[in-house]
Amino acid sequence: MLSAGDQAIAKEAYTFWDHLTGEQQRFLLDNLFPVHYEKGDIIHNGAYSCIGVVYLKAGGLRVFMLSDEGKEITLYRLGPGDFCVLSASCILQNITFDVCIEAETATDGLLIPASQYHKLMEQNIYAENFTNLLVVDRFSNVMWAMEQLLFMRFDKRLAIFLLDELSKTGDVNIRLTHEQIAKYMGSAREVVSRMLKYFAREGLIEMSRGGIKILDREKLRELTA
């Protein structure tokens, strides 16, 4: 049974709530469950899991692809207020590639299992449209990631990444290792380290064992133009 607080969150998060019948509203609430993931937990692993749709209340998830050689390419990241829909990829038509989903930090959410969510989509056109819009938005994120990998200079990609991290937290101190940044960007640690050293020499950032400090965000923005 969901708490009153989680019920209120669900009614606001699922924007098609008012278009559900009373029976469908009860069905949704009866099949929503609070979930918690620890940092590093893999909540979806390619074709071998299809847990359902997760709404993030707190924390963050990373959606990535993993090659046979073990190389990771981060497709996008999700935070509080986002829905993770590819964790229910088995109910989405024409999804032909596998992704992995990892908890970046301790994460709390609300989960509706894939089979129950599929029933709701079949019964209600507004739920189906809501899901289709989520999928379109996520694939827009995927295409942006692919465009960066294929066509964008690495210094521009790295500047965009650092500015995105800054905008998420508002903190000029980015507490990520070179290895983590490389994993998020689908690159090699050596390439990241070399470019960060260049940024440091140019006075854009300052590096330490604890992470990276942004010194000149305006110069970083100039690199993204």
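Residues numbered from 1 in each chain as written. Predicted model: local features only at pLDDT ≥ 70, side-chain atom pairs only at ≥ 80, totals over all residues. Heavy atoms only, no water.

**Section: the side chain of Gln-24**
Its place among the elements puts Gln-24 in helix α2 (residues 22–30). A distance of 3.1 Å separates a polar atom in the side chain of Gln-24 from a polar atom in the side chain of Asn-124. Apart from the residues within four sequence positions on either side, Gln-24 is in contact with His-19, Leu-120, Gln-123 and Asn-124. (Helix = DSSP H or I, 4+ residues; strand = E, 2+ residues; numbered from the N terminus. Polar contact = N/O pair within 3.5 Å; in protein donor to acceptor, adjacent residues only side chain to side chain. Contact = heavy atoms within 4.5 Å.)

**Some words on the packing of helix α6 (residues 178–185) against helix α7 (residues 189–201)**
Across the interface, α6 lies against α7 with an axial gap of 8 Å and an inter-helix angle of 110°. Between α6 and α7, the interaxial angle falls into the category roughly perpendicular. Two packed elements cross with a definite hand, and for α6 against α7 that hand is right-handed. Together, His-178, Glu-179, Ile-181 and Ala-182 of α6 and Arg-189, Val-192, Ser-193 and Leu-196 of α7 make up the contact between the two elements. (Axes fitted to C-alpha atoms, helices over the stretch in contact; angles between N-to-C directions. Parallel < 35°, antiparallel > 145°, perpendicular 65-115°, else oblique. Left-handed = near helix turned anticlockwise from the far one by under 90°.)

**What about the sheet that holds strand β8 (residues 107–113)?**
The strand order across the open sheet built from 4 strands is β1-β8-β3-β6, with neighbouring strands paired in antiparallel fashion. Two strands close off the open sheet at either side, each with one partner strand: β1 (33–37) and β6 (83–84). Here strand β3 (residues 52–58) runs beside β6; their pairing, made up of 2 bridges, is antiparallel. By the bridge assignment, Tyr-55 is partnered in β6 with Phe-83. The strands touched by helix α3 (residues 114–123) within the sheet are β3 and β8, with β8 carrying the most contacts at an inclination of about 60°. (Pairing = 2+ DSSP bridges.)

**Notes on the environment of Tyr-14**
Within the secondary structure, Tyr-14 sits in the loop between α1 (4–13) and α2. Residue classification places Tyr-14 among the buried positions, given a relative accessible area of 1%. If we skip the residues at most four places from it in the chain, Tyr-14 touches Leu-28, Leu-32, Val-53, Phe-83, Ile-112, Tyr-117 and Phe-130. (Buried < 20%, exposed > 50% of the residue type's maximum accessible area, 1.4 Å probe, protein only.)

**A look at the side chain of Gln-116**
With respect to the secondary-structure elements, Gln-116 resides in helix α3. Look at Gln-116 and you get buried, because its relative accessible area is 19%.

**Section: the nonpolar core**
Ranked by internal contacts, the top residues of the largest apolar core, which has 44 residues, are Tyr-14, Phe-16, Leu-28, Leu-32, Leu-61, Phe-83 and Tyr-117. Broken down by element, this core gets its largest block of residues, 5 residues, from helix α4 (residues 125–151). With 23 residues, the next largest nonpolar core counts Tyr-184, Met-185, Ile-205 and Ile-214 among its residues. (Core = buried A, V, L, I, M, F, W, Y, C linked by side-chain atoms within 4.5 Å.)

**Quick notes on the environment of Ile-214**
Looking at where Ile-214 falls in the secondary structure, it is placed in strand β11 (residues 211–214). Residue Ile-214 is classed as buried on the basis of its relative accessible area of 6%. With 10 residues separating them along the chain, Ile-214 and Leu-204 place their C-alpha atoms 6.4 Å apart. For Ile-214, the residues in contact, after removing those within four places along its chain, are Leu-162, Leu-166, Val-172, Ile-174, Leu-204, Ile-205 and Leu-220.

**Structural notes on α4**
Given a rise of 1.5 Å per residue, 27 residues ought to cover 39 Å, and the 38 Å separating the end C-alpha atoms of α4 matches this to within 8%. Those residues of α4 lying buried are Ala-127, Phe-130, Thr-131, Leu-134, Val-135, Arg-138, Val-142, Ala-145 and Gln-148. Considering only its buried residues, α4 is in contact with α1, β5 (72–78), β6, α3 and α5 (154–169). A side-chain oxygen of the first residue of α4 lies 2.9 Å from the backbone nitrogen of Tyr-126; this N-cap is Asn-124. (Expected span 1.5 Å × (residues − 1).)

**Overview of the pattern of salt bridges**
With the rule as written, the count across this model stands at 12 salt bridges. Arg-77 is the salt-bridge partner of Glu-104, the closest N and O atoms lying 3.1 Å from each other. Of this pair, Glu-104 sits in the loop between β7 (100–103) and β8 while Arg-77 sits in strand β5, and the two are 27 residues apart along the sequence. Where Glu-165 meets Arg-77, a salt bridge forms, and the shortest distance between an N and an O atom there is 2.4 Å. You can see Glu-165 sitting in helix α5 and its partner Arg-77 sitting in strand β5, a full 88 residues away along the chain. What makes Glu-165 buried here is its relative accessible area of 8%. Judged by relative accessible area, which is 23%, Arg-77 ranks as partly exposed. Residues joined in a network through salt bridges with shared partners are Arg-77, Glu-104, Glu-165 and Lys-168. (Salt bridge = Lys/Arg side-chain N within 4 Å of Asp/Glu carboxyl O.)

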